[in-house]
Every structure is written in structure tokens, then in C-alpha cells.
Amino acid sequence: MARVSRRAFALAALSLAASAAPGASAAPGPAAPSGRPRRAATEMRGMWLATVSNRDWPSRTGLPAADQRKELTAFLDKAVDYRLNTVMFQVRPTADAFWPSPYEPWSQYLTGTQGKDPGWDPLGTAVAEAHARGLRLHAWFNPYRIANNTDPGRLVASHPARKHPDWVVPYGGKLYYNPGIPAVRTFVEQAILDAVAKYPVDAVHFDDYFYPYPVAGQTFDDDAAYDAHGGDFSSRAAWRRDNIDRLVAEIADGVKKLRPGTRFGVSPFAVWRNATTDSRGSDTKAGVETYDDLYADTRKWVQKNWIDYIVPQVYWQIGNSAADYAKVVDWWAGVAKGSGTALYIGEALYQAGAADAPSAWQDPAELSRHLTLADQYPQVGGHVYFAAKDVAADPIGALSRVVADHYQQPALPPG
């Protein structure tokens, strides 16, 4: 999804393309056992519902409130139809809000005008309508992205980024809050936890965006913040990782204090580090490593049980030469083993049948083979599909095949 929130998979595809044979077919997955495996009565069956740049919802800005609500509930109904049980609903895509927030403006993706009241409460409605259908609703927040352009003047005049221009870093054609400024971290946490305080969300959910994905020839200018706050660290990289560690640990603590029982999960880019970089890493050749490029020590968060669940975006086919689905799942199962952090696998439903996807993704059975493979690992507690529009369309029947092969019965959501 070019130009939108989950840029991870686009970058991943680009960075891995050089080392993956063009058009190469996936190696066959493990043979299915005789008779379908008995699935757990409780497992994650989720979908992401992306709002940034109107990726999934609303279908366009400026729809009447009744039409927006109708589209939203239609996606929830589709989740039920496919025997899913959880929706990750993006409610803060670009330092804005899909609920009446005292900290940030209404999202432009609702009305077309940032700060304009849409006349209803999307997050409140989503929670109520999801729960009425037996679905869990995970509120999905992007911590640092402010805008998909570099012009602060396009932000509404009351925007915190305009009131605090020293908080803002332009990079890669976008605006970001600077994670290295303690006041930024405090503000971001307040903005996110406001939703937790107001609504009975079942979880807080982060995706793969921490420090921005690297852009060739550009530097993320945090010199002033590093000079002011980085003196106790051995390197800028160590300081940046500490900034993200603090955000994650403090959000986890805040969620538990405000609403005990509400979970906190993260869906990172799936490669922590390649084994060629670090012997503890995965047998991959990814062009992005979260530890080194996004300053997100995702392995640490799992092993220290700072987060309740992790959903690595394993958006490659079985047999991919640079990042084999089978090898990446195996690595994450090893990381999660004994940690207390639940492991679910992020699945690239959007790839199924896509014209620019590798040939393996033209086979409707590829996704089902993923679940068959993951069933070998007791640490894998379910799967989450990107994204809602692709769930609804299911263009080549890949999700229908998953349902037929694996979801013959409903399952209770975890947590």
C-alpha cells in the first residue's frame, strides 16, 4: 500500500526483491496431516482495518456519517462471516484521532478537513458494534507519524506539531515527532491513553513504525535531542533504542493501570536482525532489520514480557529466498517460547492474487499452507490478516480456502 501506514510490506518487498529470484515459485509447504488438524478452541483470528489515506475505511473522505457507519459495520460483518474474532482498528494514523480527543484533532480521513467534527464517534461505535458481534476490538495507534507530507502549514492551526515545532523532524517526505524528546514521549502516551481511559477497548496495538524506515541519502535530524539527552549512552543507536524501549514499557504500564485486563500488542516488521548481523538473528537476508534501522528491539520486548502479544508481519511466501515464511515463523516461535508473550503471525492477504506479487501468491492455497505450517508450533496462537478491504474482496478465494481448511468452527478470541 504505497504512501500509506503499513509501508513496511512495500519496503520489505523492495529490499528483498534483489535477493529473491524474480517470479520464483514457493517451495511446497509441509504436507498436511491425514485429516485436518484440530484447532484450538481459543485462537487469534484477526484483521487489520487501516484508515490512513483511506486505505480500507472510510472509502473516501467526506462521506455522510450514516454512510461511514454503514461501511464500518459492513467490515465487522465480513469479519464474522469469515469466522474471524478480532479487529485491529486504526484510530490514530497521523497524530490525529478517530474519537473526540482533547490532545489531537479529528482525522482528515473522515471529513477531508483535519480538525472537523465528523458528527459521530467512530472509535466508540466500533467498540460497541464489534462487541455486539462477539468480536474483540484492538485500538491501533501510530506513535510518531504526523503527516504524509513535509509542510507543517497543512496541519490545522491548533495541531500540537504547530505549537511545538521543535518536536518535529521532516524525513523521507513526511513529518514525524522526534522520539528522543522526553516531552514528545509524554505527549504521545497521553494522547494514546486518553482512548484507553474512555473506551473499553480490548487492546492497544502498535504496528511497525517507530523511528522511520531508512531513506537512502537522508538523515533523521535528531542532533539537538541527542546532545541534550544522549550523554549516558554508548552510541546514538543505543540511545534511540532506549527511547523506543521507554515508550513501549510506559504504554504497557499505563494500559494496565487504566484498564486492567486490556492487552498491549505490537506488529513489527518480521526481521529483528539477520543471522549474518547477529548470531541470535533469523536465517534471512532482509534489507531492513528492526533493531538497527527502526531502533525497535522487538526480541527484547517479547523475552522480557513487556508486551502481551506480538504479531510479526511475515509477509513472504514459503520458500522465499531472502525471508522464507517457514524460517521466520520458526525463529519467532523460538523467541516466544517460555516468554509469556503470545505469538500471532501477520499474514499478507493483500498479496493473494496481486498482479505484482510473486507467483506463489497467485495460488489460492498459499495462505492455507501458512496456517498448516504454523500449526506445527505450539507457540503460534493464531493469525492476523492485512487488511480489511482484502478480507471483504477475497479476490482469488485465498481467505475462503483458509476458512474451509482451518476455520470450520468459530474460535474464541484470546485474552
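Residues numbered from 1 in each chain as written. Predicted model: local features only at pLDDT ≥ 70, side-chain atom pairs only at ≥ 80, totals over all residues. Heavy atoms only, no water.

1. Regarding the overall build of the chain
Step number 1: On a plain count of helices and strands, the chain comes out with 14 helices and 11 strands.
Step number 2: Taken along its principal axes, the extent of the C-alpha atoms in the chain is 65 × 50 × 40 Å.
Step number 3: Across the 415 residues that make up the chain, the buried fraction comes to 59%.
Step number 4: Pairs at least 24 residues apart make up 75% of the contacts formed inside the chain by residues separated by at least 6 positions.
Step number 5: Between the averaged position of the 43 positive side-chain charges in the chain and that of its 44 negative side-chain charges there is a distance of 3 Å. (Helix = DSSP H or I, 4+ residues; strand = E, 2+ residues; numbered from the N terminus. Buried < 20%, exposed > 50% of the residue type's maximum accessible area, 1.4 Å probe, protein only. Contact = heavy atoms within 4.5 Å. Lys, Arg positive; Asp, Glu negative; His and termini not counted. Charge placed at Lys NZ, Arg CZ, Asp CG, Glu CD.)

2. Concerning unusual backbone geometry
Step number 1: Residue Trp-57 is joined to Pro-58 through a cis peptide bond whose omega torsion reads -20°.
Step number 2: Its location among the elements puts Pro-58 in the loop between strand 1 (44-49) and helix 2 (65-81).
Step number 3: Following Phe-386, the chain continues into Ala-387 via a peptide bond in cis, with omega recorded as 0°.
Step number 4: Relative to the assigned elements, Ala-387 resides in the loop between strand 11 (380-386) and helix 13 (388-393).
Step number 5: In the Ramachandran plot, Asn-54 falls in the positive-phi region, its phi being about 55° despite a non-glycine side chain.
Step number 6: As for its placement among the helices and strands, Asn-54 is situated in the loop between strand 1 and helix 2.
Step number 7: For Asn-54, a relative accessible area of 14% gives the class buried.
Step number 8: Phi is positive for Asn-305, close to 60°, though the residue is something other than glycine.
Step number 9: Looking at where Asn-305 falls in the secondary structure, it is placed in the loop between helix 10 (298-303) and strand 9 (309-310).

3. Topic: the sheet that holds strand 4 (residues 145-147)
Step number 1: Judged by pairing direction, the sheet is antiparallel, and its three strands sit side by side in the order 4-6-5 without closing on themselves. Each end of this open sheet is capped by a strand with a single partner; those strands are strand 4 and strand 5 (168-171). Averaged over all adjacent pairs, the angle separating strand axes in this sheet is 35°, with direction ignored.
Step number 2: Pairing analysis gives two bridges linking strand 4 to strand 6 (residues 174-177), with the strands arranged antiparallel. What sits directly across from Ala-147, in strand 6, is Leu-175. (Pairing = 2+ DSSP bridges. Axes fitted to C-alpha atoms, helices over the stretch in contact; angles between N-to-C directions.)

4. A short note on the nonpolar core
Step number 1: Ranked by size, the top nonpolar core spans 131 residues in total, and within it Phe-89, Leu-123, Tyr-177, Phe-206 and Tyr-385 carry the most contacts.
Step number 2: Considering every element that reaches this core, the biggest residue donor is helix 11 (residues 325-336), with eight residues.
Step number 3: For Tyr-385, the contacting residues outside a window of four places in its chain are Gly-46, Met-47, Trp-48, Leu-84, Glu-347, Leu-349, Leu-367, Leu-371, Val-391, Leu-399, Val-402 and Tyr-407. (Core = buried A, V, L, I, M, F, W, Y, C linked by side-chain atoms within 4.5 Å.)

5. Topic: the packing of aromatic side chains
Step number 1: Under the defined criterion, the tally for this structure stands at 27 aromatic pairs.
Step number 2: Centroid distance Trp-57 to Trp-120: 6.1 Å. Interplanar angle 80°. Geometry classified as edge-to-face. Residue Trp-57 is found in the loop between strand 1 and helix 2, and its partner Trp-120 is found in the loop between helix 3 (108-111) and helix 4 (122-132); the two are separated by 63 residues along the sequence.
Step number 3: Here the guanidinium or amino end of Arg-145 rests over the ring plane of Tyr-209, the centre of that ring lying 5.1 Å away.
Step number 4: It is Arg-299 that lies over the ring of Trp-272; its NZ or CZ is 5.2 Å from the centre. (Phe/Tyr/Trp six-rings, centres within 6.5 Å; stacked < 30°, edge-to-face > 60°. Lys NZ or Arg CZ within 6 Å of the ring centre and 35° of its normal.)

Read these as spatial facts, not as claims about activity.
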